[in-house]
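Working through the structure, step by step
Residues per chain, in single letters:
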2 protein chains.
Amino acid sequence: MPSSLSPPGSRPRGRAGRADGIDPGAVSPLTVNRLSIYLRSLRQLREQGIEKVSSQQLARRFHLSSTQIRKDLAQFGEFGTRGVGYDVADLVEHLAGLLGVDRVLRLAIVGMGNLGTALARFPAFNSGNFQVVAGFDNDPAKIGRRIGAVIVRPTSEIATLAPESGAAIAILAVPAEAAAAAYEALGRAGIRAVLNFAPATLPPRPGCRVKNVDLRIHLEELAFFLARPE
Amino acid sequence: MPSSLSPPGSRPRGRAGRADGIDPGAVSPLTVNRLSIYLRSLRQLREQGIEKVSSQQLARRFHLSSTQIRKDLAQFGEFGTRGVGYDVADLVEHLAGLLGVDRVLRLAIVGMGNLGTALARFPAFNSGNFQVVAGFDNDPAKIGRRIGAVIVRPTSEIATLAPESGAAIAILAVPAEAAAAAYEALGRAGIRAVLNFAPATLPPRPGCRVKNVDLRIHLEELAFFLARPE
């Protein structure tokens, strides 16, 4: 963990730090989400043996905007050749590096109720660059049980077991009233990224990023379209 | 259901149709998501007894962009008075109408495994304007059991029970290999909006909107920030 006493610029970067000069605070989460979508689309093309693609082809095929693609990528360097397009394999590699998914990211799940159990077994959380490596719960009936690839451990062990397992991202799947204590424990464990499913607001903590999952927003998006005739 | 033989413009609008002249196809899902966030923020202000708010105050308080707020709202009419701001109660009412959440929207869950069970009990899916009214599964061990507020019914009954329950939105929480058949059955049941958690691509169907939930995109957003020093 970077010491809070280090002057700016002198912080140890650690294994995870990229010296790519990109200020993560200057890049909006929406841009990052679009980069994820581009990466996914390009990987599909690569699997199909496609070597070159233009922003227009990419846009048409995956229902994206070609102007947005060019604008987003231009933020991070020079890619593609006018009239030829992008080299698919090169761009996949570059985007994976940019997104930090060119290595395995280990996940710890706190709260092994129905949601935590579903996430522990979720293919998307156990393939590619993600891997569930730890699961924690308070319930004595769950502790010691195998769920997906992990053996459930008591939440009292988060502070030691989360770092030992190499977990980089924690997933909070506890009830609202248990969220604050679990978030505290994750802080003591040195976890710097939290995906929060609990309907609770977590206080900001320097050096830790919290992403709140709001499933209701998807229902509201569907409601908007339902409220109107086709 | 509007008949596919009706010429454009002559379709029956039904209970759900809004004659507000807004073409839902012309409004991006991102705009709809921002409207949801504004509505949530304004409801908080209303609960706190705040009657007027400017776009700047709203932006500062909820970490939004005031230019974006004004631009988004301007798409849907004239709100607010220069120098005074928006009337909180009025804007709440208007946005709820615009989003189609000024009435109860009933949800049917298909697949009552861990994820379906978690969603059936999820506070956000059982409060405010949303209510889980039906749950379906193929597993004889689950059929007839009460989960959250519903009794699990066999998936073979989707076509009759989904319309009877008044469900407007279906939530697909089945494994990938079961998604296509469940989606078909929902079509026969007249369901026009599907929130899809299954890692499967569902073919477009006229008159039906599918929103795919991609939880991995959140992990990739966290990975981007983890890959860089604070």
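Residues numbered from 1 in each chain as written. Chains lettered and ligands numbered in written order. Predicted model: local features only at pLDDT ≥ 70, side-chain atom pairs only at ≥ 80, totals over all residues. Heavy atoms only, no water.

Regarding its fold elements, chain A presents 8 helices and 9 strands. Of all 230 residues assigned to chain A, the portion counted as buried reaches 47%. A fraction of 55% describes how many contacts in chain A between residues 6 or more apart in sequence connect residues 24 or more apart. When the accessible surface of chain A is split by element, carbon and sulfur atoms take 51% of a total near 11300 Å². Charge separation in chain A, taken as the distance between the mean sites of 28 positive and 20 negative side-chain charges, equals 1 Å. (Helix = DSSP H or I, 4+ residues; strand = E, 2+ residues; numbered from the N terminus. Buried < 20%, exposed > 50% of the residue type's maximum accessible area, 1.4 Å probe, protein only. Contact = heavy atoms within 4.5 Å. Areas by Shrake-Rupley, 256 points an atom, 1.4 Å probe, with all protein chains shown as cover. Lys, Arg positive; Asp, Glu negative; His and termini not counted. Charge placed at Lys NZ, Arg CZ, Asp CG, Glu CD.)

To continue, consider the environment of Lys211 of chain A. Locating Lys211 of chain A in the fold gives a position in strand E9 (residues 209–212). Residue classification places Lys211 of chain A among the buried residues on the basis of a relative accessible area of 18%. Distance from Lys211 of chain A to Glu184 of chain A, taken between C-alpha atoms, is 16 Å for residues 27 residues apart in sequence. Every residue in contact with Lys211 of chain A, bar those within four places of it in the chain, is listed here: Val194, Leu195 and Asn196 of chain A together with His218, Glu221 and Leu222 of chain B.

In this section: the sheet that holds E9 of chain A. All names here are of chain A. Taken together, 7 strands build an open sheet; the order of strands is E5-E6-E4-E3-E7-E8-E9 and the sheet is mixed. Whereas interior strands pair on both sides, the edge strands pair on one side only; in this sheet they are strand E5 (146–147) and E9. The sheet contact formed by strand E3 (residues 105–110) and strand E7 (residues 167–172) spans 5 bridges and is parallel. From the neighbouring strand, Ile109 faces E7, where its bridge partner is Ile171. (Pairing = 2+ DSSP bridges.)

Turning next to the relation of the copies chain A and chain B. Of the two same-sequence chains, chain A is brought onto chain B (RMSD 0.0 Å, axial shift 0.0 Å) by a rotation of 180°. Classification of the inter-copy transformation places it as that of a two-fold axis. Of every C-alpha in chain A, the one belonging to Asn114 of chain A sits nearest the axis of rotation, 2.3 Å from it. Both copies present the same face, since 100% of the interface residues in chain A are matched by interface residues at the equivalent positions in chain B. (Least-squares fit on C-alpha atoms with pLDDT ≥ 70 in both.)

The subject of this paragraph is the interface of chain A and chain B. Tallying the contact residues gives 67 residues for chain A and 67 residues for chain B. Summed over both partners, the interface of chain A with chain B buries about 6600 Å², with 67% contributed by carbon and sulfur atoms. The three residues of chain A that bury the most area against chain B are Leu219, Leu226 and Arg228 of chain A, which together make up 11% of that side's buried surface. With its nearest N and O atoms 2.8 Å apart, the salt bridge here joins Arg40 of chain A to Glu220 of chain B. Mapped onto the side of chain A that touches chain B, the elements with two or more residues apiece are helix H1 (29–47), helix H4 (88–99), E3, helix H5 (114–120), E7, strand E8 (193–196), E9 and helix H8 (216–226) of chain A. No other element matches the 11 residues that H8 of chain A contributes to the side of chain A that touches chain B. Grouping the constituent residues of the side of chain A that touches chain B by class yields 39 nonpolar, 12 polar and 16 charged. (Buried area = accessible area lost by both parts, 1.4 Å probe. Salt bridge = Lys/Arg side-chain N within 4 Å of Asp/Glu carboxyl O. Nonpolar A, V, L, I, M, F, W, Y, C, P; charged D, E, K, R; others polar.)

Tallied over the entire structure, the rule returns 16 salt bridges over all chains. Arg153 of chain A is the salt-bridge partner of Glu157 of chain A, the closest N and O atoms lying 3.2 Å from each other. Arg153 of chain A gets classed as partly exposed once you look at its relative accessible area, which sits at 32%. Residue Asp214 of chain A pairs with Arg40 of chain B through a salt bridge whose shortest N-O separation is 2.1 Å. You can see Asp214 of chain A sitting in the loop between E9 and H8 and its partner Arg40 of chain B sitting in helix H1 (residues 29–47), one on each of two chains. Given the relative accessible area of 27%, Arg40 of chain B is considered partly exposed. One salt-bridge network, in which partners are shared between bridges, spans Arg40 of chain A together with Asp214 and Glu220 of chain B.

It is worth spelling out the sheet that holds strand E7 (residues 167–172) of chain B at this point. Residues and elements named next belong to chain B. With mixed pairing, the 7 strands of this open sheet are ordered in space as E5-E6-E4-E3-E7-E8-E9. At either end of the open sheet lies a strand with only one pairing partner, and these are strand E5 (146–147) and strand E9 (209–212). Docked against the sheet, helix H6 (residues 158–165) engages strand E3 (105–110), strand E4 (130–137), strand E6 (150–154) and E7, running at close to 165° with respect to E4. (Axes fitted to C-alpha atoms, helices over the stretch in contact; angles between N-to-C directions.)

Glancing now at the side chain of Glu221 of chain A. Position of Glu221 of chain A relative to the elements: it lies in helix H8. Not counting chain neighbours up to four residues away, the residues in contact with Glu221 of chain A comprise Pro29, Val32, Asn33 and Lys211 of chain B.

If you look at the biggest cluster of nonpolar residues, it comprises 106 residues, and the most contacted ones within it are Leu42, Leu95 and Phe125 of chain A together with Leu42, Leu95 and Phe125 of chain B. What Leu42 of chain B contacts, discounting residues up to four positions off in sequence, is Val53, Leu58, Val88, Leu91, Val92 and Leu95 of chain B. (Core = buried A, V, L, I, M, F, W, Y, C linked by side-chain atoms within 4.5 Å.)

As a further point, take the confidence of the model for chain A. Residue and element names in this part refer to chain A. When pLDDT is averaged along chain A, the result is 86; 90% of the residues meet or exceed 70. Predicted confidence is poor over residues 1–16, with pLDDT under 50, and the contacts of this stretch with residues over four places away or in other chains come to 15 contacts. As a predicted assembly, this complex carries a pTM of 0.79 together with an ipTM value of 0.81. (pLDDT = per-residue confidence, 0-100.)

Glancing now at the pairing of E7 of chain A. Residues and elements named next belong to chain A. Taking burial as the measure, the 6 residues of E7 include 5 buried ones, the bulk of the element. Sheet topology note: the E7/E8 ladder contains 4 bridges and is parallel. The residue bridging Ile169 from the neighbouring strand is Ala193, located in E8. Handedness of the crossover joining E7 and E8 through helix H7 (residues 176–188): right-handed. (Right-handed = clockwise from strand over helix to strand, strands pointing away.)

Tallied over the entire structure, the rule returns 1 cavity of 30 Å³ or more. Empty space within the largest cavity amounts to approximately 30 Å³. Lining of the largest cavity is provided by Leu115, Leu119, Phe197 and Leu215 of chain A together with Leu115, Leu119, Phe197 and Leu215 of chain B. Broken down by secondary-structure element, the contributors of at least two residues to the lining of the largest cavity are H5 of chain A together with helix H5 (114–121) of chain B. (1 Å grid on protein atoms, 1.4 Å probe; cavity = no way out; pocket = protein on both sides within 12 Å on 5 of 7 lines; lining within 4 Å. Points joined across faces, edges and corners; volume = space filled by probe spheres on them.)

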